[in-house]
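Below are the chains, spelled out letter by letter.
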Amino acid sequence: MSNAQTSINLRWSHATNSRVKLINALKSDVVDFIEGDVLLGNLAGHSSDARVPIMAHPPDTTSDILFSEWIRLVKESRTSKGIKVDFKDFDAVESCLSDIAITIPTPLNHELWLNADVLVGPGEPKGTALPAEAFVDICTRNGPAGHVLSIGWTTELAGTPQEVPSVYSWKNIFQMIRLLDKVPRETVVTFPVRLSHLVFAPLTLLLSVKSATSLTVWSHAGDPLPKYEVMTFLLWAYPNRIYIDLSEEHVRRVMDLLESLRKVVVLTSTMKVITWNTTDAAASQRAPWGSPYAIVVSGPGSITVEVADPCRLKSVGISGDLTQIASHSKDLGRCLDMKTLVDDMTLLSQVTLTFIGSGEVVLFVEQPIP
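Below: a short report on this structure. Quick caveat: nothing in here was measured; it's all calculated off a predicted structure.

About the cut-offs
- Residues numbered from 1 in each chain as written.
- Predicted model: local features only at pLDDT ≥ 70, side-chain atom pairs only at ≥ 80, totals over all residues.
- Heavy atoms only, no water.
- Phe/Tyr/Trp six-rings, centres within 6.5 Å; stacked < 30°, edge-to-face > 60°.
- Helix = DSSP H or I, 4+ residues; strand = E, 2+ residues; numbered from the N terminus.
- Buried < 20%, exposed > 50% of the residue type's maximum accessible area, 1.4 Å probe, protein only.
- Contact = heavy atoms within 4.5 Å.
- Polar contact = N/O pair within 3.5 Å; in protein donor to acceptor, adjacent residues only side chain to side chain.
- Salt bridge = Lys/Arg side-chain N within 4 Å of Asp/Glu carboxyl O.
- Core = buried A, V, L, I, M, F, W, Y, C linked by side-chain atoms within 4.5 Å.
- Domains from an automatic or database assignment.
- Arc of directions from axis to C-beta.
- Axes fitted to C-alpha atoms, helices over the stretch in contact; angles between N-to-C directions.
- Left-handed = near helix turned anticlockwise from the far one by under 90°.
- Nonpolar A, V, L, I, M, F, W, Y, C, P; charged D, E, K, R; others polar.
- Parallel < 35°, antiparallel > 145°, perpendicular 65-115°, else oblique.

The subject of this paragraph is the packing of aromatic side chains. Within this structure, the stated rule accounts for eleven aromatic pairs. When the centroid spacing of 4.9 Å and the interplanar angle of 50° are considered together, the rings of tryptophan 153 and tyrosine 168 count as tilted. Here tyrosine 168 lies in the loop between β7 (148–154) and α5 (170–180) and tryptophan 153 lies in strand β7, a separation of 15 residues in the sequence. The burial state of tryptophan 153 is the same as that of tyrosine 168; both residues are buried. Here the aromatic cluster, defined as three or more aromatic residues joined through ring pairs, consists of Trp12, Phe33, Trp113 and Tyr243.

Turning next to the environment of aspartate 245. Among the structural elements, aspartate 245 can be located in strand β10 (residues 242–245). As for aspartate 245 and arginine 11, which are separated by 234 residues in sequence, their C-alpha atoms are 7.4 Å apart. In this structure, aspartate 245 is in contact with Trp12, His14, Thr216, Val217, Trp218 and Ser219, ignoring residues within four places of it in sequence. A distance of 2.6 Å separates the side chain of aspartate 245 from the side chain of histidine 14, its partner in a polar contact.

Summed over the entire model, instances satisfying the criterion amount to 13 salt bridges. Where aspartate 256 meets arginine 252, a salt bridge forms, and the shortest distance between an N and an O atom there is 3.2 Å. In this pair, aspartate 256 and arginine 252 both sit in helix α8 (residues 248–261), four residues apart, roughly one turn of the helix. Note on aspartate 256: relative accessible area 46%, which makes it partly exposed. The structure contains a network of salt bridges with shared partners spanning Arg19, Glu69, Arg72 and Glu76.

Counting residues in each nonpolar core, the largest one holds 97 residues, and the members touching the most others are Trp70, Phe135 and Leu363. Taken domain by domain, the makeup of this core includes at least three residues from each of domain 1 (12–264) and domain 2 (272–366). Once residues lying within four places of it in the same chain are set aside, the contact partners of tryptophan 70 are Thr16, Leu22, Ile34, Gly36, Met55, Ile65, Ile83 and Val85. Within the second largest apolar cluster, six residues are counted, among which are Leu10, Trp12, Phe33 and Trp113.

Among the residues making up helix α2 (residues 67–77), those that are buried are Phe67, Trp70, Ile71, Leu73 and Val74. Relative to the axis of α2, the buried residues are bounded by an arc of 155° and lie together on one face. Summarising the contacts, the buried residues of α2 are in contact with α1 (19–27), β2 (33–43), β3 (52–55), β5 (82–87) and α3 (93–103). Among the residues trailing α2, arginine 78 stands out with phi positive, at a value near 55°.

In this section: the packing of helix α7 (residues 228–237) against α8. Each pair of packed helices can be described by the angle between their axes along with the distance between the axes. Running from amino to carboxyl end, α7 crosses α8 at an angle of 60°, the nearest separation of the two axes being 9 Å. Judged by the twist between their axes, the crossing of α7 over α8 is right-handed. Here Tyr228, Glu229, Met231, Thr232, Phe233, Leu235 and Trp236 of α7 come into contact with α8, specifically with His250, Arg253, Val254, Leu257, Leu258 and Leu261. Partitioning the contact of α7 with α8 into residue classes produces nine nonpolar, two polar and two charged.

Right, let's get into the packing of α1 against α2. Two elements in contact, α1 and α2, have axes whose closest approach is 11 Å; the angle formed by their N-to-C orientations is 20°. Relative to α2, the element α1 lies roughly parallel. Crossing handedness for the pair α1 and α2: right-handed. Across the interface between the two elements, Arg19, Leu22 and Leu26 from α1 touch Glu69, Trp70, Leu73, Val74 and Ser77 from α2. For the contact of α1 with α2, the residue count by class is five nonpolar, one polar and two charged.

Written as structure tokens, this is what we have:
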């Protein structure tokens, strides 16, 4: 991914679903990425009842341009702009990939993203996710060499601007991590995430699973309570793995906050594993893994972690019945329970945690709020 494409200045043409809008976007000097939506529907002005792949966003079911013509115009323009095909209907995917294979030569001379919401995400969304494994499989088998797989979650915001939106949960993240097992190692993946649902530690864990991954942060006009501070920490921690798909106002707010945080010596702490001991043969095969901000532990056993700066330490169970029974702080020279660590909000340098049972737990540091 080039610096230009991970830049804060990335400029998009959204819902490029008509002939005129596509032609204008291809000619434009202020568009870096062109996004179009695909579903099965009817071509405007044609009497046939047959549903074919067209460029439209629900609830629209008619368009003045077929996907096959849309991708042909992209090819004939010889554009170097990025192209994002957003599938809204799984039944359109195979036909569209065939059109791409016929029309677009490989190797690609521009980025081509194959996008779909494939998992249910925050906020009890009403939208239907495309079948996750089936979408990954068909893109792997029929997608052009060098395509970017863009897989995300359906989302729904709170009913009123005063309600705090839910965030991407650990369950959401681990469902996506399991899906990544189906993605070939060489495939580049980006995860579309909504600005109002951002959360720091879980998303850093997701980025740790596969090096060729990124986040694409997006938002709709009027989305309530955007998580500017979380966005800022993600940009600080992963400056080359964040795509920006936001309004100028959102970008300005994030950049102002990022500039102010650059003047702060300590932004957020990191942690690393010092020791991991287990008598369980299965657990010994699953060493602690994750990001500097979130570590997955398979128990039973004891783990000693060291943090770079004082921070708040938290834990959450992911699977099984793994339970913490003791902890010991090197700095204080005494045992602490997890409640004390959380309530005191400070982990000084090293702590040893002991777990019984079996399963997985995530230990994570919580980013400070600017």
